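Residues per chain, in single letters:
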Amino acid sequence: MASLFDSAVVLSPMAESIQHAFTELQEKMAMEAKCIPNDKLNLAVEKEEWCHRWSNLTDEIEKCIKARQEKGVTLALTSEDVATGRQVAEWHNTFIAKGTEHQVALVPTIRTALSIHVHPMSI
């Protein structure tokens, strides 16, 4: 008698590690998207701190995507994740354009990191 697990794809430990890291980064991205400070002059420090966290997060997402490409692991973002990432990247770029990130070097935004294909969650 066949089991539903007979046709299951078993991930390699490396693929599982990449997948787990990517899932955590998706959750962090969603949390940061909810924590965008208001664009007010008196919140310059908060905006700078947020920009720094976002920059670090996009660096980590980029590393995960590179690891995915090197190992041939399929990762996916929902269309909602992509839309959120793009909106948050615009806020990040707005804050930087206004000079709120004085000491933090510019890094690629989530648009670079979101260069993977959008399809239903396959993770």
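Figured I'd write up the structure that's included with this text. (Residues numbered from 1 in each chain as written. Predicted model: local features only at pLDDT ≥ 70, side-chain atom pairs only at ≥ 80, totals over all residues. Heavy atoms only, no water.)

1. Describing the nonpolar core
Formally: The criterion is simple. A nonpolar core is a set of buried Ala, Val, Leu, Ile, Met, Phe, Trp, Tyr and Cys residues joined through side-chain atoms within 4.5 Å. Accessible area is worked out with a 1.4 Å probe on protein chains only. A residue is then buried under 20% of its type maximum, exposed over 50%, and partly exposed in between. Strands are runs of DSSP state E lasting at least two residues, helices are runs of H or I lasting at least four, and both sets are numbered from the N terminus onward. Contacts are assigned to residue pairs with any non-hydrogen atoms lying within 4.5 Å of each other.
Judged by nonpolar contacts, the single largest core of 18 residues is most densely connected at W50, W54, L57, C64 and L75. Listed by contribution, the elements that provide at least two residues to this core are α1 (13–34), α2 (44–71) and α3 (79–97). Counting residues per element, this core draws most heavily on α2, which supplies seven residues. With sequence-adjacent residues up to four places away left out, C64 is seen in contact with I18, A21, F22, L25 and L75.

2. Looking at the packing of aromatic side chains
The following threshold applies: A pair of Phe, Tyr and Trp rings is counted when the ring centres sit within 6.5 Å of each other, with Trp represented by its six-membered ring. The angle between the planes then sorts it: under 30 degrees is stacked, over 60 is edge-to-face, the rest tilted.
Here the structure, examined in full by the defined rule, presents three aromatic pairs. Relative to F95, the ring of W50 has its centre 5.8 Å away and its plane inclined at 90°; by these criteria the two rings are edge-to-face. Of this pair, W50 sits in helix α2 while F95 sits in helix α3; the two residues are 45 residues apart in sequence, bridging distant segments of the chain. For the pair shown, W50 and F95 are each scored as buried.

3. So, the packing of α1 against α2
Let me state the cut-off plainly: To get an axis, fit a line to the C-alpha atoms, keeping to the stretch in contact for a helix; angles then go from 0 to 180 degrees between the N-to-C directions. Should an angle fall under 35 degrees it is called roughly parallel, over 145 degrees roughly antiparallel, and 65 to 115 degrees roughly perpendicular, with every other angle called oblique. We call a crossing left-handed when the near helix sits turned anticlockwise from the far one by less than a right angle, and right-handed when that turn is clockwise. In this classification, the charged set is Asp, Glu, Lys and Arg, the nonpolar set is Ala, Val, Leu, Ile, Met, Phe, Trp, Tyr, Cys and Pro, and all remaining amino acids, among them Gly, are polar.
At their nearest, the axes of α1 and α2 sit 10 Å apart, and the two run at 155° to each other. Of the possible angle classes, the one that applies to α1 and α2 is roughly antiparallel. The handedness of the crossing between α1 and α2 is left-handed. Where α1 abuts α2, its residues M14, I18, A21, F22, L25, K28, M29 and E32 lie against W50, R53, W54, L57, E60, I61, C64, A67, R68 and K71. A breakdown of the residues in the contact of α1 with α2 according to their chemical character gives twelve nonpolar, no polar and six charged.

4. A closer look at the pattern of salt bridges
Stated formally: Salt-bridge detection follows one rule: a side-chain nitrogen of Lys or Arg within 4 Å of a carboxyl oxygen of Asp or Glu.
Throughout the structure, instances matching the rule amount to three salt bridges. The residue E32 makes a salt bridge to R53 at a minimum N-O spacing of 2.9 Å. Separated by 21 residues along the polypeptide, E32 in helix α1 and R53 in helix α2 bring together distant segments of the chain. Residue classification places E32 among the buried residues on the basis of a relative accessible area of 13%. The partner of K66 in a salt bridge is E62, with the nearest N and O atoms 3.6 Å apart. In this pair, K66 and E62 are both assigned in helix α2, four residues apart and thus about one turn of the helix distant. Relative accessible area serves as the criterion here: at 44%, K66 is assigned to the partly exposed category.

5. Examining α3
Worth spelling out the cut-off: Take the residue count of a helix, subtract one, and multiply by 1.5 Å to get its expected span.
The first and last C-alpha atoms of α3 sit 27 Å apart over 19 residues, in line with the 27 Å expected at 1.5 Å per residue. Looking at the residues trailing α3, positive phi occurs at G99, about 80°.

6. Observations regarding α1
Cut-off, in case you're wondering: Read the arc as the range of directions from the helix axis to the C-beta atoms.
If you check α1, its first and last C-alpha atoms are 32 Å apart, about what 22 residues at 1.5 Å a residue would give, namely 32 Å. Every buried residue of α1 is listed here: A15, I18, Q19, F22, L25, Q26, M29 and E32. What you see down the axis of α1 is that its buried residues fit within an arc of 145°, all on one side. Of the exposed residues in α1, those oriented more than 90 degrees away from the buried face are P13, M31 and K34.

These results come straight from atomic positions and should not be treated as a statement about function.
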